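Now for the letters of each chain:
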Amino acid sequence: VEAGGAAAASSAALASANSIDADESSESNRSMFASMFSSLLTAPSSSSSQQPRTRASAAAGGGSAVAEPKAQPAWMAEMEAMADETGATCAVCQEGRTLQPSELLGLYAYVKKVSLPSSQGGGKGDIDGTVVLLSLPTSFPSSLKSAGDAEALFQKARDAAKALEGSSHALSAMSSAANSITGSGGGRSNYYITTVSAGNAIHISCHKKAKAADRNHPKAPKSEWEGASLRNSRVTCNVILPMVSSKTSKVPLVSVETALSDHNAIIANTLGARPKSILWNCLHDVRFLLLRMAYGEALNVDCGGGSSSSNFLLALYQLYSADMFALNAEHDESVEVSRHARGLSAGFLVGVDVVDGPDFNRHEARSKRLERGVADAAPMAALCSILFYNADSKPYGNAKETHDLSGSQQHERKAPPPTRQWELYKSKFLVGLIRCAGHRHSLGLTDSGCVTSRGISTVRKNVEKSRSFADWSGGSCDDAAADSPSSSTGTAQTKVPSRRTSMIDEYSGALRPMLTLYAVFNQLSKEFVLGEDDGTEESSERLAAKLESCYKAEDIHELLEIAEINDVGHDVICKYFEKGATS
């Protein structure tokens, strides 16, 4: 019993000792945590006592320490110093000429081949004015001596004609013109290109990088233009037009040459042969584009996209390129090419005066060629006038501008002057366009000639649907009435309803495209100035607005007001229309 009592006492003592140790350990832990919390609580106050963190605390501390402003990150300062991007921007890097002045931009576009027979207004010599220049009198007509600038214009036209004489193009053009007058050999086809665009730009270098990435994609490799169509807002494209202008002066020359070479290679593949003249190939392209818009054709039929403003942007940059090609033609091509283009408008103006002169005998073979040539060459002559003489006070003087391949110029042009050639002679250009309307009406032409099998069945419906073209088919006797769904015949000799009281109303449908084209040319002469392309995008918008207003004209009288044709009587318009139809 005593032994058992001793064991119990020993156990109790051991338990008591363990309890004391546990209490001491817990007490030490509590003291350790307390010291840690106290240090955390006292740290801010100690730091704040050493260095004030606010202006108020600094002021309270007697102003002994002033807080310095927080330094701005370098990347933020760089971003704030960047200029805002204006104009076209790259579809990949979203930068343009402001942020990347040394990178060449290009417009995604779609180009196709067009075939036109000579008997249907497709003769190249007729369109480019070769027939006009070679059919002018060899000496200055006495009937033109009263005109102030007629002799100077005549001399420039004769210089262009002399440069053309004996060339293969001149011989072919005059032979085709002779055959068309006699009614033989008019089935020969002439090949052109026509280009449309959705207005999306891209750096040439960015396109090459994207092309390599598309080709080497591990899961879904794409061809060059399949990937490009995705970057072009899913609009089909097959070429890039280099945006060459005065803004590309900082682009390396080798980049411009390479881009133009690639563009010309695609054009040659499309045509099946290298064009004889890059300049005339470009001018024909612009003419067809403007003609397609004047006829109200849906440009998105070819590639699935593209508005009027985007295609006017394309046309403006094509004109900048054409000016550069004209200078290069004097060195790389025959001299005749440049002189021909620069002398066309002068020859046309002289031709208009000659065929309207009192001594003109329209029954002679040479006179017939001249009269028909004036009608066919009117659109191209107006285009060349705006391209080459939209800033010269003397339209017949020699060009004094100096260019280089990059498009830069050594002079300043701020705005088209009131003495530009188009402004001085636009009444004569109007006469030529009215004659052209009459001649095309006599040939039964109802469109630009660029409608291919891909869009023949739907083009008329698309025109009305996408262009909001006001319907003039309520009783017209012309081609436009023949094209309307309610028309019962497609001939140009449709009888006029008795409710028509004016002859100009009878010709309204046939006149409409050329009057619209005149309005576009008139607006283009106000917008286009070589070397002044800062507002090219805004200019394209204004051109598109003018075109849309022509589309929405309710009748021929409203269209004449929109086109600013207020000083020409209706009887005069009808007279020249009939002369064109019988030329």
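Residues numbered from 1 in each chain as written. Predicted model: local features only at pLDDT ≥ 70, side-chain atom pairs only at ≥ 80, totals over all residues. Heavy atoms only, no water.

**Focus: the overall build of the protein**
Stage number 1. Helix and strand content of the protein: 23 helices and three strands.
Stage number 2. In the protein, buried positions account for 48% of the 583 residues.
Stage number 3. By sequence separation, contacts in the protein at least 24 residues apart represent 81% of the contacts at least 6 residues apart.
Stage number 4. Of the roughly 27,500 Å² of accessible surface on the protein, a fraction of 52% belongs to carbon and sulfur atoms. (Helix = DSSP H or I, 4+ residues; strand = E, 2+ residues; numbered from the N terminus. Buried < 20%, exposed > 50% of the residue type's maximum accessible area, 1.4 Å probe, protein only. Contact = heavy atoms within 4.5 Å. Areas by Shrake-Rupley, 256 points an atom, 1.4 Å probe, with all protein chains shown as cover.)

**Description of the nonpolar core**
Stage number 1. Ranked by size, the top nonpolar core spans 140 residues in total, and within it Leu283, Leu290, Leu511, Phe521 and Phe528 carry the most contacts.
Stage number 2. With 13 residues, helix 13 (residues 308-332) is the largest single contributor of residues to this core.
Stage number 3. Those residues within four positions of phenylalanine 521 in sequence are excluded, and the remaining contacts are Leu290, Pro379, Ala382, Leu383, Ile386, Trp422 and Leu433.
Stage number 4. Counting residues in hydrophobic clusters, the runner-up holds six residues, among them Val111, Val239, Ile267 and Leu271. (Core = buried A, V, L, I, M, F, W, Y, C linked by side-chain atoms within 4.5 Å.)

**Things to note about the state of the cysteines**
Stage number 1. Counting across every chain of the model gives zero disulfides.
Stage number 2. There is no disulfide at cysteine 237, and the cysteine sulfur nearest it, in cysteine 303, is 8.6 Å away.
Stage number 3. For cysteine 237, a relative accessible area of 3% gives the class buried. (Disulfide = S-S within 2.5 Å.)

**Some points on the environment of isoleucine 386**
Stage number 1. For isoleucine 386, the position within the fold is in helix 15 (residues 365-388).
Stage number 2. With 141 residues separating them in the primary sequence, isoleucine 386 and glutamate 527 have C-alpha atoms 10.0 Å apart.
Stage number 3. Those residues in contact with isoleucine 386 that sit more than four places away from it in its chain are Trp422, Phe521, Leu524, Ser525 and Phe528.

**Side note on the sheet that holds strand 1 (residues 105-117)**
Stage number 1. On the basis of which strands lie adjacent, the open sheet formed by three strands has the order 2-1-3 and antiparallel pairing. Among the strands making up the open sheet, the edge pair consists of strand 2 (189-203) and strand 3 (239-242). Strand-to-strand, the axes of this sheet are offset by a mean angle of 40 degrees, without reference to chain direction.
Stage number 2. In this sheet, strand 3 lies alongside strand 1 in antiparallel orientation, the contact comprising four bridges. (Pairing = 2+ DSSP bridges. Axes fitted to C-alpha atoms, helices over the stretch in contact; angles between N-to-C directions.)

**A look at the packing of helix 13 against helix 15**
Stage number 1. Running from N to C, helix 13 and helix 15 point in directions that differ by 80 degrees, and their axes come no closer than 10 Å. The pairing of helix 13 with helix 15 is recorded here as roughly perpendicular in orientation. Here helix 13 contributes Leu319, Ala322, Asp323 and Ala326 to the contact with helix 15, which in turn contributes Leu383, Leu387 and Phe388.
Stage number 2. Here the contact of helix 13 with helix 15 is composed, by residue class, of six nonpolar, no polar and one charged. (Parallel < 35°, antiparallel > 145°, perpendicular 65-115°, else oblique. Nonpolar A, V, L, I, M, F, W, Y, C, P; charged D, E, K, R; others polar.)

**Points about the pattern of salt bridges**
Stage number 1. Tallied over the entire structure, the rule returns 15 salt bridges.
Stage number 2. Two residues, arginine 435 and glutamate 371, come together in a salt bridge whose shortest N-O distance is 3.2 Å. Taken together, the positions of arginine 435 in helix 16 (residues 421-442) and glutamate 371 in helix 15 put the pair 64 residues apart, joining distant regions of the chain.
Stage number 3. Residue class for glutamate 371 comes out buried when judged on its relative accessible area of 4%.
Stage number 4. Taken together, the shared-partner salt bridges in this structure form one network comprising Asp356, Arg362, Glu371, Arg435 and Lys579. (Salt bridge = Lys/Arg side-chain N within 4 Å of Asp/Glu carboxyl O.)

**Some thoughts on unusual backbone geometry**
Stage number 1. In this structure, serine 233 takes a positive phi of about 60 degrees despite not being glycine.
Stage number 2. Mapped onto the fold, serine 233 is located in the loop between helix 9 (224-231) and strand 3.
Stage number 3. With a phi close to 60 degrees, glutamate 564 is a non-glycine residue in the positive phi region.
Stage number 4. Take glutamate 564: its relative accessible area is 35%, and that puts it in the partly exposed class.

**A word on the packing of aromatic side chains**
One pair of aromatic rings is described through two measures. These are the centre distance and the angle between the planes.
Stage number 1. For the structure shown, the criterion picks out 10 aromatic pairs.
Stage number 2. The interplanar angle of 40 degrees and the centroid separation of 5.6 Å between the aromatic rings of tryptophan 422 and tyrosine 518 together place this pair among those described as tilted. On the criterion of sequence distance, the pair formed by tryptophan 422 in helix 16 and tyrosine 518 in helix 20 (residues 508-527) is long-range, its members being 96 residues apart.
Stage number 3. By relative accessible area, tryptophan 422 is classed as buried at 0%.
Stage number 4. In this structure tyrosine 518 comes out as buried when scored by relative accessible area, which is 3%.
Stage number 5. Clustering of aromatic rings is evident, with ring pairs tying together Phe348, Trp422, Phe429, Tyr518 and Phe521. (Phe/Tyr/Trp six-rings, centres within 6.5 Å; stacked < 30°, edge-to-face > 60°.)

**Quick word on the side chain of aspartate 214**
Stage number 1. Relative to the assigned elements, aspartate 214 resides in helix 8 (residues 204-215).
Stage number 2. Overall, aspartate 214 belongs to the buried group, its relative accessible area being 13%.

**As for helix 8**
The α-helix winds at 3.6 residues per turn, so residues separated by three or four positions along the chain end up facing the same way.
Stage number 1. The terminal C-alpha atoms of helix 8, which comprises 12 residues, lie 17 Å apart, in line with the 16 Å expected from a rise of 1.5 Å per residue.
Stage number 2. Next to the buried residues of helix 8 lie strand 1, strand 2, helix 9, strand 3 and helix 10 (253-271). (Expected span 1.5 Å × (residues − 1).)

**Thoughts on helix 13**
Stage number 1. Between its first and last C-alpha atoms helix 13 spans 34 Å; for 25 residues at 1.5 Å apiece the expected length is 36 Å, and the two agree.
Stage number 2. The buried count for helix 13 comes to 22 of 25 residues, which makes it a mostly enclosed element.

**Section: a nonpolar patch on the surface**
Stage number 1. The grouping of Trp75, Met76 and Met79 at the surface amounts to a nonpolar patch, some 340 Å² of accessible area in total.
Stage number 2. With respect to the helices and strands, methionine 76 occurs in helix 3 (residues 74-81). (Patch = residues over 30% accessible without salt bridge, like charges linked within 9 Å, V, L, I, M, F, W, Y side chains within 5 Å.)

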